[in-house]
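# Residue-level structural notes
These are the residues of each chain, in order.
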Amino acid sequence: QVQLVESGGGLVQPGGSLRLSCSAAASRLNIAAMGWYRQAPGKERELVANILRGGRINYAEFVKGRFTIFRNNPWNSVYLQMDSLKPEDTAVYYCNYVSDRDLSYWGKGTLVTVSS
């Protein structure tokens, strides 16, 4: 079982920045991928960005150039630096962990609200 602890959400004005953090805890970590998804009211959950074990990074088109995902070493955490935030970025952001056995785990989510 993998536990994910997220932090960093909150209220920010348009154009502002936030950094989300997610740490994974388990007796043994075998990370295939870690990343962030988001779900806005009335919409489906969607990928924001993730990092694969080989180092490849994927970004959704709507965050390219504004958000940056990075990890620590040794790898047990992933971070999402969000800059130039827009009202349409308002959503609950979920941390996701995928094991080398293709098991997927989710954090509880952290709310990001972009509003003036």
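Here, the structure is the one placed above.
Residues numbered from 1 in each chain as written. Predicted model: local features only at pLDDT ≥ 70, side-chain atom pairs only at ≥ 80, totals over all residues. Heavy atoms only, no water.

## Some words on unusual backbone geometry
- Cis geometry marks the peptide bond from N73 to P74, where omega comes out at -5°.
- In this structure, P74 sits in the loop between β7 (67-71) and β8 (77-82).
- Although it is not a glycine, S84 adopts a positive phi angle of roughly 50°.
- Structurally, S84 can be placed in the loop between β8 and β9 (91-99).
- Accessibility expressed as a relative area gives 40% for S84, which makes it partly exposed.
- Unlike most non-glycine residues, D102 shows phi in positive territory, near 65°.
- Overall, the relative accessible area of 65% leaves D102 in the exposed class. (Helix = DSSP H or I, 4+ residues; strand = E, 2+ residues; numbered from the N terminus. Buried < 20%, exposed > 50% of the residue type's maximum accessible area, 1.4 Å probe, protein only.)

## Notes on the nonpolar core
- If you look at the biggest cluster of nonpolar residues, it comprises 30 residues, and the most contacted ones within it are L4, M34, W36, L80, M82 and Y93.
- When residues of this core are traced back to their parent elements, those giving at least two are β3 (18-25), β4 (31-39), β5 (46-52), β7, β8, β9 and β11 (110-114).
- Ignoring any residue separated from it by four or fewer positions in sequence, one finds M82 in contact with G16, S17, L18, L20, R66, F67, Y93 and V112. (Core = buried A, V, L, I, M, F, W, Y, C linked by side-chain atoms within 4.5 Å. Contact = heavy atoms within 4.5 Å.)

## Some points on the state of the cysteines
- What the rule picks out here adds up to one disulfide.
- Here C22 connects covalently by a disulfide to C95, the sulfurs 2.0 Å from one another. Torsion about the S-S bond of the C22 and C95 cystine: about -80°, corresponding to left-handed handedness. Of this pair, C22 sits in strand β3 while C95 sits in strand β9, and the two are 73 residues apart along the sequence. (Disulfide = S-S within 2.5 Å.)

## Points about the pairing of β4
- Note: β4 against β9, eight bridges, orientation antiparallel. By the bridge assignment, I31 is partnered in β9 with S99.
- Here six bridges tie β4 to β5, and the two strands are oriented antiparallel to one another. Counterpart to W36 in the pairing with β5 is A49. (Pairing = 2+ DSSP bridges.)

## Topic: the side chain of N50
- Note on placement: N50 falls in strand β5.
- Once you skip the residues sitting within four places of it in the chain, N50 turns out to touch M34, G35, R56, I57, N58 and I69.

## Details of the packing of aromatic side chains
- Using the criterion set out here, one finds three aromatic pairs in the structure.
- Ring geometry for F70 against Y79: centres 5.2 Å apart, planes inclined by 25°, an arrangement best described as stacked.
- According to the relative accessible area criterion, F70 is partly exposed, its value standing at 29%.
- When the centroid spacing of 5.9 Å and the interplanar angle of 70° are considered together, the rings of Y97 and Y105 count as edge-to-face. Each of the two residues, Y97 as well as Y105, counts as buried.
- Above the ring of Y94, the side-chain terminus of R45 is found at 3.7 Å from the ring centroid.
- Note that R45 overlies the ring of W106, its terminal NZ or CZ placed 4.6 Å from the centroid. (Phe/Tyr/Trp six-rings, centres within 6.5 Å; stacked < 30°, edge-to-face > 60°. Lys NZ or Arg CZ within 6 Å of the ring centre and 35° of its normal.)

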